[in-house]
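Analysis of the macromolecular model
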Amino acid sequence: MPLNACELEIDLFCNGMVLPADVDLAGARAMTRTRAGLGSGLEIVIPTGSLLKDEIWVNVPVVESFAKHSPYVLRGAPSTGYSIVERRTGDCYPVRVPEAPSWATRETSRGVPMTRVGVLQGTYLAIYANPVCAFWSMSPQMNCKFCTTGHNVGENEAAIKSIDDVVETCQAAKAESGVTFVHLNGGYQGSRGIEFIKPYVKAIKDRVGLLVGVQLAPEKEFAKYDELVAMGVDHLSFCVELNDPDWFAAICPGKAKVHGQALYFDAMQYCATLLPRGAVSGEVIVGIEPIEQTLKAVDRIVDLGAFPTVCVFRPTVGSDLRRFGPPSYADVRQVMEHVYAACRTHWMPIGVAPNVEVSLVVNPDDTALLAARTAGFYVYEAYRRMARLAAGPMFRARMRPAA
Ligand code: SF4
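A short tour of the structure in this document, coming up. In every chain, residue numbers begin from 1 and rise along the written sequence. It should be noted that, the model being predicted, local features are given only for residues of pLDDT at least 70 and side-chain atom pairs only at 80 or more, the latter also being counted only at that level, while totals for whole chains, interfaces and linings use all residues. Working from all heavy atoms in the structure, the side-chain values ignore hydrogens and water.

Some details on the overall build of the protein
Helices and strands together make up the secondary structure of the protein, namely 11 helices and 12 strands. Restricting the calculation to C-alpha atoms gives the radius of gyration, and the globule rule supplies 2.2 Å times the number of residues raised to the power 0.38. Taken against the 2.2 N^0.38 rule, which gives 22 Å for 403 residues, the C-alpha radius of gyration of the protein at 20 Å falls within 12% of a compact globule. Burial classification: accessible surface area is computed with a 1.4 Å probe over protein chains only, and a residue below 20% of its type maximum counts as buried, one above 50% as exposed, and the rest as partly exposed. When each of the 403 residues of the protein is scored for burial, the buried share is 58%. It only takes one pair of heavy atoms within 4.5 Å for two residues to be counted as in contact. For the protein, contacts bridging at least 24 residues in sequence account for 75% of all contacts bridging at least 6. Areas reported as accessible are Shrake-Rupley estimates using a 1.4 Å probe. Residue values count occlusion only from the protein chains shown. Here the protein has roughly 15,900 Å² of accessible surface; of this, 56% comes from carbon and sulfur atoms. Strands are runs of DSSP state E lasting at least two residues, helices are runs of H or I lasting at least four, and both sets are numbered from the N terminus onward.

Topic: helix 8 (residues 261-272)
Here helix 8 spans 17 Å end to end across 12 residues, near enough to the 16 Å set by a 1.5 Å rise per residue. Here helix 8 has its buried residues at Q261, L263, Y264, F265, A267, M268, C271 and A272. Tucked inside the fold, the buried residues of helix 8 contact helix 5 (223-230), strand 10 (235-241), helix 6 (245-251), helix 7 (253-259), strand 11 (280-286) and helix 9 (291-303). What a helix is expected to span follows from its residue count: subtract one and scale by 1.5 Å.

Re the environment of E241
As for its position among the elements, E241 is in strand 10. Apart from the residues lying within four places of it in its own chain, the contact partners of E241 are F146, C252, K255, E283, V284, I285 and E289. A polar atom in the side chain of E241 sits 2.9 Å from the side chain of K255. Polar contacts, as used here, are pairs of N or O atoms within 3.5 Å; protein pairs need one atom able to donate a hydrogen and one able to accept it. Residues neighboring in sequence count only if both atoms are side-chain atoms.

As for the pattern of salt bridges
When charged atoms on two side chains of opposite charge get close, those side chains can pair. Each reported salt bridge corresponds to a side-chain nitrogen of Lys or Arg within 4 Å of a carboxyl oxygen of Asp or Glu. One pass over the structure, following the stated rule, counts 19 salt bridges. The residue E7 makes a salt bridge to R333 at a minimum N-O spacing of 2.5 Å. Within this pair, whereas E7 is found in helix 1 (residues 5-15), its partner R333 is found in helix 10 (residues 329-345), the two being separated by 326 residues in sequence. Of the two residues examined, E7 and R333, each falls in the buried class. One salt bridge in this structure joins D234 and R398, with 2.4 Å as the shortest N-O distance. One end of the pair, D234, is in the loop between helix 5 and strand 10; the other, R398, is in helix 11 (residues 375-398), with 164 residues separating them in the sequence. For D234, a relative accessible area of 11% corresponds to the buried category. Here the salt bridges do not stand alone but share partners, grouping K53, E357, D365 and D366 into one network.

Examining the environment of I10
Structurally, I10 can be placed in helix 1. The class of I10 is buried, set by a relative accessible area of 0%. I10 sits 368 residues away from Y378 along the chain, and the two C-alpha atoms are 23 Å apart. In this structure I10 touches Y329, V332, R333, M336, V362 and L370, once residues within four positions along its chain are discounted.

Some thoughts on the packing of helix 9 against helix 10
As a packed pair, helix 9 and helix 10 sit with axes 10 Å apart at the nearest point and diverge in direction by 15 degrees. In terms of orientation, helix 9 and helix 10 fall into the roughly parallel class. Regarding helix 9 and helix 10, the two cross each other, and that crossing is right-handed. For the pair helix 9 and helix 10, the contacting residues are I291, T294, L295, V298, D299 and V302 in the first and D331, Q334, V335, H338, V339 and A342 in the second. Three classes are used: nonpolar for Ala, Val, Leu, Ile, Met, Phe, Trp, Tyr, Cys and Pro, charged for Asp, Glu, Lys and Arg, and polar for all others, with Gly counted as polar. Residue classes in the contact of helix 9 with helix 10 are distributed as 7 nonpolar, 3 polar and 2 charged. Here an axis means a line fitted to C-alpha atoms, over the contact stretch when the element is a helix, while the angle between two N-to-C directions is reported on a 0 to 180 degree scale. Reported orientations rely on four angle classes, namely roughly parallel under 35 degrees, roughly antiparallel over 145, roughly perpendicular from 65 to 115, and oblique for the rest. Handedness of a crossing follows from how the near helix is turned relative to the far one, being left-handed for an anticlockwise turn of less than a right angle and right-handed for a clockwise one.

Description of the site of the ligand
We define proximity as follows: a residue is near a molecule or strand when any one of its heavy atoms falls within 4 Å of that partner. What surrounds the ligand is the set C133, F135, W136, N143, C144, F146, C147, T149, G187 and K255. Across the shell around the ligand, the residue classes tally to 6 nonpolar, 3 polar and 1 charged.

So, the packing of aromatic side chains
Each pair of aromatic rings taken from Phe, Tyr and Trp, with Trp reduced to its six-membered ring, is defined by centres within 6.5 Å and is described as stacked if the planes are under 30 degrees apart, edge-to-face if over 60, and tilted in the remaining cases. Going through the model one piece at a time under the given rule, you end up with 14 aromatic pairs. Ring geometry for Y124 against F181: centres 5.9 Å apart, planes inclined by 45 degrees, an arrangement best described as tilted. With Y124 in strand 7 (residues 124-128) and F181 in strand 8 (residues 181-185), the pair connects residues that are 57 residues apart, well separated along the chain. Taking relative accessible area as the criterion, Y124 reaches 4% and is therefore assigned buried. Of the residues examined, F181 reaches a relative accessible area of 8% and is grouped as buried.

With respect to the nonpolar core
Nonpolar cores are built from buried Ala, Val, Leu, Ile, Met, Phe, Trp, Tyr and Cys residues. Side-chain atoms within 4.5 Å join them into one set. Grouped together as the largest cluster of nonpolar side chains are 116 residues, with contacts concentrated most on I44, F146, L184 and M336. Apart from the residues within four sequence positions on either side, M336 is in contact with I10, V286, V310, V312, V362, T367 and L370. Of all hydrophobic cores here, the second largest spans 15 residues; its members include V119, Y124, A126 and F395.

Focus: the pairing of strand 12 (residues 307-312)
Among the 6 residues of strand 12, 6 are classified as buried, and the element is accordingly described as predominantly covered. Residues of strand 12 alternate between two faces, with F307, T309 and C311 on one and P308, V310 and V312 on the opposite face, all of them buried. The sheet contact formed by strand 11 and strand 12 spans 6 bridges and is parallel. Residue pairing across strands places E283 opposite T309, the latter belonging to strand 12. Classification remark: right-handed applies to a crossover when, strands pointing away from the viewer, the course from the first strand over the helix to the second runs clockwise. Handedness of the β-α-β unit built from strand 11, helix 9 and strand 12 comes out right-handed. At least two DSSP bridges between two strands are needed for those strands to be called paired.

Have a look at this one:
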């Protein structure tokens, strides 16, 4: 039986896709290796055919070695449209290959290509705002083993992004691509991370008017989060990555040594008291540690009042884990079903922010497509719909430039 859109999303993350040389991708978004390197695949959009949500955005792995053996292959052309064919079953899934944004070929007024400032990953704008994560310059290097930020920032994207360049890129993305949300991340910067990001947040809030998310290493001084929230930050996320302390220390040596795993959960819990429900998230990776640990991480995050964002492990080219294999569909599906169940149990208002579709992960609200249609399902879905409607005016107000 053909897969539904979320099942296909999961299977594409786990298997990747073959991109034949004769498939014409003229006008498509460039495949770029920026930030941690996860966005190095091909962006596609899967129509769901469901009332739950219209479409699902996926950044499909195509360059990693496992993708070369995928049962999925892309067919089509700009003039005829595209589809993904599962070669073993013959199932054919129509998809859309989104066009590169109109601003992709432009430079800021300081002469910096806008794509070296920010990239679209799904429907949001992603900007690595801070200098290269300090874990990369330690001796010995303490970078997370799945990450390639140290190879990308300064190579595929500008090492330093000026505030004016960021503002101009955000303005173009908002006006021409309909972006509503910009995500600023920056790895570990000592105790300067939040101080460094604050002027960017202020400038975007004052001069552009976008929802702003910030993702940095956790601060020990929690009062700094009060300052960020007072400046108008809309979303805070914490990359705890792995639940088992031993796996955490082995895969994220810098995080384990400098912060300790508990700080990620503590900061998450604190921030969940500052922002509205559904505005703080904990990010974990499925496919490195045993699956039971990922399930526990999901529970731990929702128990703290945050929502889980689960990233399917991708052995990205150039990372220390590049020779590892991706996880199985069955494991990832089990975790994603659990994400939905955990969010439902905690009445987490997932998928409420307007037009925020992240192509690098299985969005929590995508997982509704995996859930059994019980009475509890319909009650929760009605609640999510009401929450979306009720939050509309608030989001519109927060997307007006403050200055
Ligand atoms: S904290 Fe880890 S994942 Fe984040 S940028 Fe640094 S090395 Fe990469």
